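The chain contents come next:
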Amino acid sequence: MSLLLDNQFKELPPDKAIDTKLFLDAVSHIPSFFGTCVMKSFIFYCFALKCLLSLSDCLGSNVFSVIKSDINGNIMKIKGVYLKDPAKYVSLQDIVEAEREAHAAEWPKVGATLALMWLKRGLRFIQILLQSLADGERDENNPNLIRVNVTKAYEQALKKYHGWIVQKIFNVALHAAPYKSNFLKALSKGEEVKEEDCLINVRQFLVNYTATVDAIYEMYTNLNAELDYTV
Ligand code: 0SG
């Protein structure tokens with residue numbers, strides 16, 4: 001069975017309200033994915049770099065754990081607000097609107113509104129990466145690399161929010177991106193699945209996932225909650 005289809009996002013209702021609990025359940029599986037596929041390949045890359053260049057402390061050895069804890073931190077922050085009053089915060093929009101009322105001076109750079117602002121960018125990155133793979137976009141000279149797909153996702157979802165230093169860190173991480181075959185195998189929970197069969201699951205997963213990410217972006221636009229500062 002596919003890791004993605006085990007953790008599918010739910011279909012949105014007609015008003016596109018995103019149920020907070022269902023959303024938190026679905027995104028909670030994302031950080032653990034770093035332990036299976038991305039981390040393994042990165043640790044191998046750093047080990048090789050270390051051997052080759054005798055680097056005592058590989059520059060990027062912590063990049064994926066930083067990303068993992070960043071995403072985890074976003075999720076925990078939203079969950080923390082939700083658990084204070086689940087009946088009040090049924091949808092993500094309930095949370096963002098309540099914070100707008102409660103923290104008018106700092107909003108939207110505050111609380112779960114800020115956490116969701118960043119989380120949605122990571123989710124968009126994953127969406128564009130998966131969509132690009134599902135669409136068969138590839139480097140014809142290196143068809144088992146996913147760098148073109150990762151770069152496309154980064155440029156469209158994250159780059160404009162990153163200053164020079166973080167963009168350089170991305171370049172290091174890019175070279176540690178797993179091979180497509182390993183990436184798809186991890187999505188299939190380690191099973192040997194034909195690429196096309198795995199991509200069928202990816203396309204299926206993307207239906208509700210994309211609708212959810214789009215709805216969060218739409219909400220931020222409608223509430224004028226988007227910020228474009230860089231880190
Ligand atoms: C398969 C190969 C994958 C390659 C992936 C490369 C991805 C890009 C690498 C870039 C490394 C980014 C590392 C982290 C950067 C963070 O600084 C930024 C900004 O983080 C926010 O900063 C926090 O998330 C906020 O936390 S909050 O919950 O408390 O609100 C807050 O701290 C904010 C600053 O606050 S403020 O100054 O405004 O007060 N984070 C990002 O850029 C998001 C990165 C997401 C990457 C997703 C990659 C997914 C890969 C999936 C692979 C399947």
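A brief look at the structure comes next. (Residues numbered from 1 in each chain as written. Predicted model: local features only at pLDDT ≥ 70, side-chain atom pairs only at ≥ 80, totals over all residues. Heavy atoms only, no water.)

### Here's the deal with the packing of aromatic side chains
And then number 1: Tallying each qualifying case throughout the model produces seven aromatic pairs.
And then number 2: Relative to Y161, the ring of W118 lies with its centre 6.2 Å away and its plane at 75°, an arrangement referred to as edge-to-face. With W118 in helix α6 (residues 111-134) and Y161 in the loop between α7 (147-157) and α8 (164-175), this residue pair connects regions lying 43 residues apart in the sequence.
And then number 3: Given the relative accessible area of 16%, W118 is considered buried.
And then number 4: Taking the centre distance of 3.7 Å and the plane angle of 5° together, the rings of Y154 and F170 count as stacked. (Phe/Tyr/Trp six-rings, centres within 6.5 Å; stacked < 30°, edge-to-face > 60°. Helix = DSSP H or I, 4+ residues; strand = E, 2+ residues; numbered from the N terminus. Buried < 20%, exposed > 50% of the residue type's maximum accessible area, 1.4 Å probe, protein only.)

### With respect to the nonpolar core
And then number 1: With 61 residues, the main nonpolar core has F23, I78, L116, F183 and L187 as its most contacted residues.
And then number 2: With residues up to four places along the chain from it excluded, the contact list for L116 reads F23, I78, L92, V96, I216, M219 and Y220. (Core = buried A, V, L, I, M, F, W, Y, C linked by side-chain atoms within 4.5 Å. Contact = heavy atoms within 4.5 Å.)

### A few points about the packing of helix α5 (residues 92-102) against helix α10 (residues 195-222)
And then number 1: α10 packs onto α5 with a crossing angle of 25° between their chain directions and a minimal axis gap of 11 Å. Overall, the two elements α5 and α10 adopt an arrangement that is roughly parallel. Crossing of α5 against α10: the hand is right-handed. Contacts from L92, Q93 and V96 in α5 reach I216, M219 and Y220 in α10.
And then number 2: When its residues are assigned to classes, the contact of α5 with α10 shows five nonpolar, one polar and no charged. (Axes fitted to C-alpha atoms, helices over the stretch in contact; angles between N-to-C directions. Parallel < 35°, antiparallel > 145°, perpendicular 65-115°, else oblique. Left-handed = near helix turned anticlockwise from the far one by under 90°. Nonpolar A, V, L, I, M, F, W, Y, C, P; charged D, E, K, R; others polar.)

### As for a nonpolar patch on the surface
And then number 1: A cluster of nonpolar side chains, W164, I165 and I169, forms an exposed patch at the surface whose accessible area comes to about 360 Å².
And then number 2: Of note, W164 is situated in helix α8.
And then number 3: The exposure class assigned to W164 is exposed, which follows from its relative accessible area of 64%. (Patch = residues over 30% accessible without salt bridge, like charges linked within 9 Å, V, L, I, M, F, W, Y side chains within 5 Å. Areas by Shrake-Rupley, 256 points an atom, 1.4 Å probe, with all protein chains shown as cover. Salt bridge = Lys/Arg side-chain N within 4 Å of Asp/Glu carboxyl O.)

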